[in-house]
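One-letter residues, chain by chain:
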Amino acid sequence: EDQVTQSPEALRLQEGESSSLNCSYTVSGLRGLFWYRQDPGKGPEFLFTLYSAGEEKEKERLKATLTKKESFLHITAPKPEDSATYLCAVQAHTGNQFYFGTGTSLTVIP
Amino acid sequence: DAMVIQNPRYQVTQFGKPVTLSCSQTLNHNVMYWYQQKSSQAPKLLFHYYDKDFNNEADTPDNFQSRRPNTSFCFLDIRSPGLGDAAMYLCATRQTGGMDSNQPQHFGDGTRLSIL
């Protein structure tokens with residue numbers, strides 16, 4: 001059964017304190033792993049797609065990496081505006097379905 | 001800007017009173033999705049359309065139905081809402097096929113449904 005698990009559930013960081021969010025997955029043939037940011041009362045906003053183990057993508061203070069079993073979202077020197085829930089989703093080789101994790105709620109304190 | 005628009009943003013209905021949520025897109029994407037998201041939970045896929053082909057998730061309650069009359073619009077009908085159906089409903093679109101098989105989903109801002 002395809003499954004996505006994110007940890008931690010919640011993370012509080014001081015401004016400037018770097019950390020990483022984890023997304024572990026089991027899927028029958030990975031077509032893509034997707035990271036989204038979701039602000040309260042809004043829909044998820046696309047951040048990155050990763051396709052194969054060893055791949056890395058960067059955007060401002062965020063860097064996403066992928067292995068055969070998990071992905072990490074590294075946040076370097078976060079700012080309060082980075083506070084949001086970060087969702088991970090995987091797409092299997094078969095079909096158009098995406099399977100989401102429950103997300104990590106990140107709070108960055110000034 | 002091309003986008004995914006959901007109406008209304010907030011919907012209040014009475015227990016058992018049918019309600020329809022709508023989604024429109026200007027992206028001309030061929031796949032449209034409906035998700036249910038409850039507080040602190042993962043978005044749960046209810047349906048998706050690949051063009052006009054309807055795909056129902058196995059655990060989507062019979063109380064939920066969907067229509068896609070054309071490429072741009074998709075509707076979610078809840079025939080007899082119960083208290084457990086209170087949630088955020090998210091619509092997403094995606095272009096797929098050929099070189100686009102790995103494209104991400106684009107989401108609307110959701111409709112928050114409350115049941116009285």
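Here, every reference points to the structure presented above.
Predicted model, so just to flag it, every value in this text is computed and none were measured.

Visitor: Before we move on, can you summarise the sheet that holds strand β8 (residues 73-78) of chain B with the specific residues and values?
Guide: Residues and elements named next belong to chain B. Ordered in space as β1-β3-β8-β7, the four strands form an open sheet in which the pairing is antiparallel. Of all strands in the sheet, those with a lone pairing partner are β1 (4-7) and β7 (64-67), marking the two edges. Going from strand to strand, the sheet's axes swing by 20 degrees on average, the running direction of each strand aside. Alignment of β7 against β8, held across four bridges, turns out to be antiparallel. By the bridge assignment, R67 is partnered in β8 with F75.

Visitor: Summarise the nonpolar core; cite the residues concerned and give the values.
Guide: Residue and element names in this part refer to chain A. Counting residues in hydrophobic clusters, the biggest one holds 25 residues, and the most contacted among them are Y25, L33, W35, L73 and Y86. Put simply, the parts of the chain that give this core at least two residues each are β2 (10-14), β3 (19-26), β4 (30-38), β5 (45-50), β7 (62-66), β8 (70-75), β9 (84-92) and β11 (104-109). The element best represented in this core is β9, accounting for five residues. Apart from the residues lying within four places of it in its own chain, the contact partners of L33 are C23, Y25, F48, T49, L50, L66, S71, C88, A89 and V90.

Visitor: Can you lay out the packing of aromatic side chains for me, pointing to particular residues and giving the numbers?
Guide: Residues and elements named next belong to chain A. For the coordinates displayed, the defined rule picks out 13 aromatic pairs over all chains. Summarising the aromatic geometry, the rings of F34 and F98 are spaced 5.0 Å apart at their centres and angled 55 degrees between planes, so their arrangement reads as tilted. You can see F34 sitting in strand β4 and its partner F98 sitting in strand β10 (residues 98-100), a full 64 residues away along the chain. Judged by relative accessible area, F34 falls into the buried class, the value being 0%. Using a relative accessible area of 2% as the deciding quantity, one classes F98 as buried.

Visitor: Can you tell me about unusual backbone geometry, naming the residues and giving the values?
Guide: Residues and elements named next belong to chain A. For the bond running from S7 to P8, omega is -10 degrees, close enough to zero to count as cis. Of note in the backbone geometry, A77 takes a positive phi value of approximately 50 degrees without being a glycine. Structurally, the position occupied by A77 is in the loop between β8 and β9.

Visitor: Which residues make up the interface of chain A and chain B, and what are the values?
Guide: By a widespread convention, an interface's size corresponds to the accessible area lost as its parts come together. Counting residues at the interface gives 19 residues for chain A, matched by 25 residues for chain B. Together chain A and chain B conceal approximately 1700 Å² of surface at their shared face, both sides included; 54% is due to carbon and sulfur atoms. Three residues stand out in chain A for area buried against chain B, namely N96, F98 and F100 of chain A, and they jointly supply 31% of the buried area on that side. Joining chain A to chain B, the criterion identifies one salt bridge. Between D109 of chain B and K42 of chain A there is a salt bridge, with the nearest N and O atoms lying 3.9 Å from each other. Between chain A and chain B we count four residue pairs in polar contact (both at pLDDT 80 or more) in total. Those elements that provide at least two residues to the side of chain A that touches chain B are β4, β5, β9 and β10 of chain A.

About the criteria used
- Residues numbered from 1 in each chain as written.
- Chains lettered and ligands numbered in written order.
- Predicted model: local features only at pLDDT ≥ 70, side-chain atom pairs only at ≥ 80, totals over all residues.
- Heavy atoms only, no water.
- Pairing = 2+ DSSP bridges.
- Helix = DSSP H or I, 4+ residues; strand = E, 2+ residues; numbered from the N terminus.
- Axes fitted to C-alpha atoms, helices over the stretch in contact; angles between N-to-C directions.
- Core = buried A, V, L, I, M, F, W, Y, C linked by side-chain atoms within 4.5 Å.
- Buried < 20%, exposed > 50% of the residue type's maximum accessible area, 1.4 Å probe, protein only.
- Contact = heavy atoms within 4.5 Å.
- Phe/Tyr/Trp six-rings, centres within 6.5 Å; stacked < 30°, edge-to-face > 60°.
- Buried area = accessible area lost by both parts, 1.4 Å probe.
- Salt bridge = Lys/Arg side-chain N within 4 Å of Asp/Glu carboxyl O.
- Polar contact = N/O pair within 3.5 Å; in protein donor to acceptor, adjacent residues only side chain to side chain.

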